[in-house]
Amino acid sequence: MESGLVASHLRLRLPLPSAATARHHHHHLLRHRHPVAAPAAPLRLSLPRPTPTPLRLPAALPLRPYLPPLRASAAAAAASPAPDASSSEPKFLGVETKTLKKIVPLGLMFFCILFNYTILRDTKDVLVVTAKGSSAEIIPFLKTWVNLPMAVGFMLLYTKLADVLSKEALFYAVIFPFIAFFGAFAYVLYPLRDAIHPTALADRLLASLGPSFLGPVAILRVWSFCLFYVMAELWGSVVISVLFWGFANQITTVEEAKEFYPLFGLGANIALIFSGRTVKYFSNMRKNLGPGVDGWAISLKAMMSIVVILGLVITGIYWGVNRFVIDSSSVPVVERKKKDKPKLSLGESMKVLLSSRYVRDLATLVVAYGISINLVEVTWKSKLKAQFPSPNEYSSFMGDFSTATGIATFTMMLLGRMILRKFGWGVAATITPAVLLLTGVGFFSLILFGEPLTPLMTKFGMTPLLAAVYVGAMQNIFSKSAKYSLFDPCKEMAYIPLDEDMKVKGKAAIDVVCNPLGKSGGALIQQFMILSFGSLANSTPYLGGILLVIVLAWLGAVRSLDSQFSPLAKQDLEREKMLKAKTVETTAQVVGTGNGSLQESLASDTSANGSAIKPSQETESTTPANGSADSDSTTPANGSAIKASQETESTTPGISGQQSQ
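The chain is annotated in an unreviewed UniProt entry as ADP,ATP carrier protein from Digitaria exilis. In its Sequence similarities (unreviewed entry) section, the UniProt entry covering the chain states "Belongs to the ADP/ATP translocase tlc family."

A.B. asks: Any chance you could break down the overall build of the chain for me, citing the residues and the numbers?
C.D. replies: Helices and strands together make up the secondary structure of the chain, namely 21 helices and two strands. Per-residue burial for the chain yields a buried fraction of 42% across its 661 residues. The contacts in the chain between residues at least 6 apart in sequence include a share of 82% that link residues at least 24 apart. Here the chain displays about 35,200 Å² of accessible surface, and carbon together with sulfur accounts for 65% of that area.

A.B. asks: Account for the packing of helix 4 (residues 97–130) against helix 15 (residues 391–448), with residues named and values stated.
C.D. replies: Remark: helix 4 packs on helix 15, axes separated minimally by 10 Å, with the N-to-C direction vectors making an angle of 145°. For the element pair helix 4 and helix 15, the recorded crossing hand is right-handed. Taken together, the residues of helix 15 that come into contact with helix 4 (itself represented by Thr118, Arg121, Asp122, Asp125, Val126, Val129 and Thr130) are Pro391, Tyr394, Ser395, Met398, Gly399 and Ser402. Taken together, the residues that form the contact of helix 4 with helix 15 break down as five nonpolar, five polar and three charged.

A.B. asks: Tell me about the side chain of Arg221, residues and numbers included.
C.D. replies: Mapped onto the secondary structure, Arg221 falls in helix 9 (residues 214–221). Within the structure, Arg221 has its side chain in polar contact with the side chain of Asp203 (distance 2.7 Å). When sequence neighbours within four positions are dropped, the list of residues in contact with Arg221 reads Lys132, Gly133, His197, Pro198, Thr199, Ala202, Asp203 and Leu206.

A.B. asks: Go over the environment of Thr411, please, and point to the residues and values.
C.D. replies: When you line up the elements, Thr411 lands in helix 15. Separated by 145 residues in the primary sequence, Thr411 and Leu266 have C-alpha atoms spaced 9.7 Å apart.

A.B. asks: Describe the nonpolar core, naming the residues involved and giving the relevant values.
C.D. replies: In terms of nonpolar packing, the biggest core is built from 146 residues, with Phe178, Phe182, Phe185, Trp235, Met304, Trp380 and Ile510 touching the most fellow members. Broken down by element, the residue count for this core peaks at 17 residues, all from helix 10 (residues 223–251). The residue makeup of this core includes at least three contributed by each of domain 1 (96–333) and domain 2 (345–562). Discounting chain neighbours no more than four positions away, the residues touching Phe182 are Leu120, Phe228, Met231, Ala232, Trp235, Met304 and Val307.

A.B. asks: Let's hear about a nonpolar patch on the surface: which residues, and what values?
C.D. replies: A contiguous nonpolar patch, built from Leu201, Leu205, Leu209, Phe213, Leu220 and Leu531 and spanning about 440 Å² of accessible area, is present on the exposed surface. With three residues, helix 8 (residues 199–209) is the largest single contributor of residues to the nonpolar patch. As for its placement among the helices and strands, Leu220 is situated in helix 9.

A.B. asks: Outline helix 4, listing residues and values.
C.D. replies: A turn of α-helix holds 3.6 residues, and therefore any two residues three or four places apart point the same way. With 34 residues, helix 4 extends 50 Å between its outermost C-alpha atoms, agreeing within 8% with the 50 Å of an ideal straight helix rising 1.5 Å per residue. The buried count for helix 4 comes to 25 of 34 residues, which makes it a mostly enclosed element.

A.B. asks: Could you give an account of the pattern of salt bridges, with specific residues and numbers?
C.D. replies: Counted by the stated rule, this structure contains 13 salt bridges. Here Arg323 and Glu168 are joined by a salt bridge, their closest N and O atoms 3.2 Å apart. Here the residue Arg323 occupies a position in helix 12 (residues 295–325), and Glu168 occupies one in helix 6 (residues 167–189), the gap between them amounting to 155 residues. Between Lys280 and Asp400 there is a salt bridge; the shortest N-O distance is 2.9 Å. With a gap of 120 residues between them, Lys280 in helix 11 (residues 254–283) and Asp400 in helix 15 connect regions that are remote in the sequence. Here the residues in one salt-bridge network are Lys124, Asp125, Glu233, Glu377 and Lys381, joined through shared partners.

A.B. asks: Give me the lowdown on the side chain of Ser212, citing residues and values where you can.
C.D. replies: By secondary structure assignment, the location of Ser212 is in the loop between helix 8 and helix 9. Ser212 gets classed as buried once you look at its relative accessible area, which sits at 17%. Apart from residues no more than four positions distant in its own chain, Ser212 is found in contact with Ile530, Leu531 and Gly534.

A.B. asks: Could you give me a rundown of the packing of aromatic side chains, with the residues and numbers involved?
C.D. replies: Here the structure, examined in full by the defined rule, presents 38 aromatic pairs. Aromatic pair Phe178 and Trp235: ring centres 5.9 Å apart, planes at 80°, arrangement edge-to-face. Within this pair, whereas Phe178 is found in helix 6, its partner Trp235 is found in helix 10, the two being separated by 57 residues in sequence. The class of Trp235 is buried, set by a relative accessible area of 0%. With centroids separated by 6.4 Å and ring planes inclined at 35°, the aromatic side chains of Phe181 and Phe228 adopt a geometry described as tilted. With Phe181 in helix 6 and Phe228 in helix 10, this residue pair connects regions lying 47 residues apart in the sequence. For the pair Phe181 and Phe228, one class covers both residues: buried.

A.B. asks: Go over the environment of Gln564 with me, naming the residues and quoting the values.
C.D. replies: For Gln564, the location among the structural elements is in helix 19 (residues 540–621). Residues within four places of Gln564 in sequence aside, it is in contact with Arg357, Tyr358 and Asp361. Only 2.9 Å separates the side chain of Gln564 from the side chain of Asp361, close enough to count as a polar contact. Polar side-chain contacts of Gln564 include one of 3.2 Å to the backbone oxygen of Ser560.

A.B. asks: With reference to specific residues and values, describe the confidence of the model for the chain.
C.D. replies: Averaged over every residue, the pLDDT of the chain is 76; residues scoring 70 or more account for 70%. When mean pLDDT is taken per element in the chain, helix 6 scores highest with 95 and helix 21 (residues 653–660) scores lowest with 38. Here residues 57–63 is a poorly scored stretch, pLDDT under 50, and it has twelve contacts once near neighbours within four places are set aside; other chains count. pLDDT under 50 marks residues 597–661. Its contacts with residues more than four places away, or in other chains, come to 62 contacts.

Rules behind the numbers
- Residues numbered from 1 in each chain as written.
- Predicted model: local features only at pLDDT ≥ 70, side-chain atom pairs only at ≥ 80, totals over all residues.
- Heavy atoms only, no water.
- UniProt positions renumbered as here; feature names shortened; annotations may be inferred.
- Helix = DSSP H or I, 4+ residues; strand = E, 2+ residues; numbered from the N terminus.
- Buried < 20%, exposed > 50% of the residue type's maximum accessible area, 1.4 Å probe, protein only.
- Contact = heavy atoms within 4.5 Å.
- Areas by Shrake-Rupley, 256 points an atom, 1.4 Å probe, with all protein chains shown as cover.
- Axes fitted to C-alpha atoms, helices over the stretch in contact; angles between N-to-C directions.
- Left-handed = near helix turned anticlockwise from the far one by under 90°.
- Nonpolar A, V, L, I, M, F, W, Y, C, P; charged D, E, K, R; others polar.
- Polar contact = N/O pair within 3.5 Å; in protein donor to acceptor, adjacent residues only side chain to side chain.
- Core = buried A, V, L, I, M, F, W, Y, C linked by side-chain atoms within 4.5 Å.
- Domains from an automatic or database assignment.
- Patch = residues over 30% accessible without salt bridge, like charges linked within 9 Å, V, L, I, M, F, W, Y side chains within 5 Å.
- Salt bridge = Lys/Arg side-chain N within 4 Å of Asp/Glu carboxyl O.
- Expected span 1.5 Å × (residues − 1).
- Phe/Tyr/Trp six-rings, centres within 6.5 Å; stacked < 30°, edge-to-face > 60°.
- pLDDT = per-residue confidence, 0-100.

Structure representation (C-alpha cells):
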C-alpha cells in the first residue's frame, strides 16, 4: 500500500512521505524481495479500505521517461522560428524567380503602354490643331463637351461589362477596340477624311455664328480627328489606370509592390524618351519623299502600325502571364476590408473647405495648379501652330518635347527627394509656382511685347515667336515633371499633421470640389474669353493677367500653409520620438522581466525533472538481471528518493501539508 502511495505521489508530482518513513519501508521491501525467485502471489495487507491494493515493486513504478535537463540554449533553439519555406525558392539577382516571372512581364507591358500613349498624345494634338479650319481654340471645347461625356459613358459601359465578363475577357473586350480603331484610323478614316468630314456644313455654321465659334464648329468639321483625340485620352485613363494597374494589383503582393512599383515610374520616363525619338524619326520622313506625296499620311501609318503591333504585344503578354505564370500559389489571397470613405455632397464639401484655413490653403494649391497649366498650354499650342504649320514639323517638335519631358521628369524624380530632405517642405512647395511664374511671365511677355525685341532676337537666329515657343515648352516640361517629383509629394505630405477627422473630410472635399475645378477651370476660363473677345489671340493679355493673379495666390497659399504645416510637423515628430522612447523603455523592461522569468522557470523545470527522474534511474540500477540486490547499491536510490521528497516538499508546502494531514 505504501508503495502504491509512492507511485501515486510520483505520478501526481506531489511530495513523498518523510525520509525516515521511506527508509523503513525500503528495508521492509528488501526483506520481501530477496527470497522471491519467481512471481509469487501478491502480498495483501490489512487496510482500512474495503478494496485491498496489491504490492508494487519500486522497479516497476510507472515513472516518466528520462528527459535531459532543459538548457537556455535549447530553449532559445526551440523558441526560434522554423526556416521559412519561401527561403528555399530559387532566386536570380537576389529576387525570387516566382516574383520575376510576374514583374518582368508587367514591366514590359507598362513600357509598351506608355510608349503607345506618348505617340498617341503627340499625334492627337497634331491632328486637331493643324487641321484645316481648326486651331488650338478647339482644345478647351473638346475637353469639356466631348472628352468628359465620352469618358463618363465609357466607364458606365465598363461597369456593366465587368458584371457579365470574366477579368481576362474584360481585358480583351476593352483593349481590342482601341487597337482596331487606331489601325482603322490610319488606313481608312484619315485617307477618307475629305469624304467623311462635313466641311460645307461647318463653313455655313461658322459664317452664321461668327468667328468666336471657331472652336465649337471645328469639332463638327473634323469629327474623326476629334474622335481620335478622345480615344487617345481614354488610352491614358483606361488602359493605363484601369487595365494595367488593375491587373498589376491583382497578381502582386504588397511587398512586391513596394519594391518594384517605383521602378515602373522610372521605366515610364524611359519609354517617354524612346517614343519621343520614334515620333521625331517618322515625322522627318517627309524630307526624303518626293513632291506631291502626303508625308503626314505616311508618317501616321507608320506610327499607328507601331501602336497596333505593341497593342498586340500587350495582349500577348497578358495572355501568357495568365496561362503560364499565374496559379493559385502566385496570386496573393488577401481579404481587404472596404474603407469607409466619406462621400460628401457639394454643400458639405464647401462647408469643410470654409471651416479650416489649413484646408483652404491646401485647396488653393490644387486649384491653382490645374488652372495655370491649362491657361498656358492652349496658348502655347496656338503659337506652336503658327511657328510649325505643317503636321510633320509640328509632330517633329512634339517628339523632341516628349523626349525632353522624359529626361526632365526622370531627373526631377531623383532630385525631388533630396530637395525635400535638405530644404524642407516650404522650399519644395514653392519651387513649382515660382518657376511657373517666371516662365509664364516670360512667355506672355514675348507674345505681347516681342516686337521691340526682334532685332535682338535676330542676332541669335530666333524670332520672338520662336522664343515664345521655346519658353512655353520649358514651362510645360517643368510643370509635367514637377507634378510627380515635387507637387504631388508636397500635397500628400500636407495631409499628415491633420487630425483624423479633418484629414478624411478635407481630402474628400478636395477630391469632390478642387480636382474637377482645377482641371475644368482653365478650360472654362478660356472658353469664356474666346467667346467674349472673338479669338484666343485677342484674349491672350487677359489670360496672362489671370495667370499672374492665380500664381501669386498659389505662392501666398504655400507661405500660409508652410507657417501652419511646419509647427504641426515638428509636434508630430516630437510626439513620435517620445512614443519611440517609451516603446524602447517598455520593451527593455519586458525583456528584462521575461529573461528573469525564463531563468526561474528553467531552474524550476530542471530541479523538477532531476528530482523526479533520478529515483527512477538509480532505482533501476540497483536491480540486476538476476533479481538480486546489493544492500550497498540501495543507498543511492534511497537517498535520491529522500532528496526528491525533500525538494518537492520545499517547493509545494501547501500541497505537502494537505497530503500529510
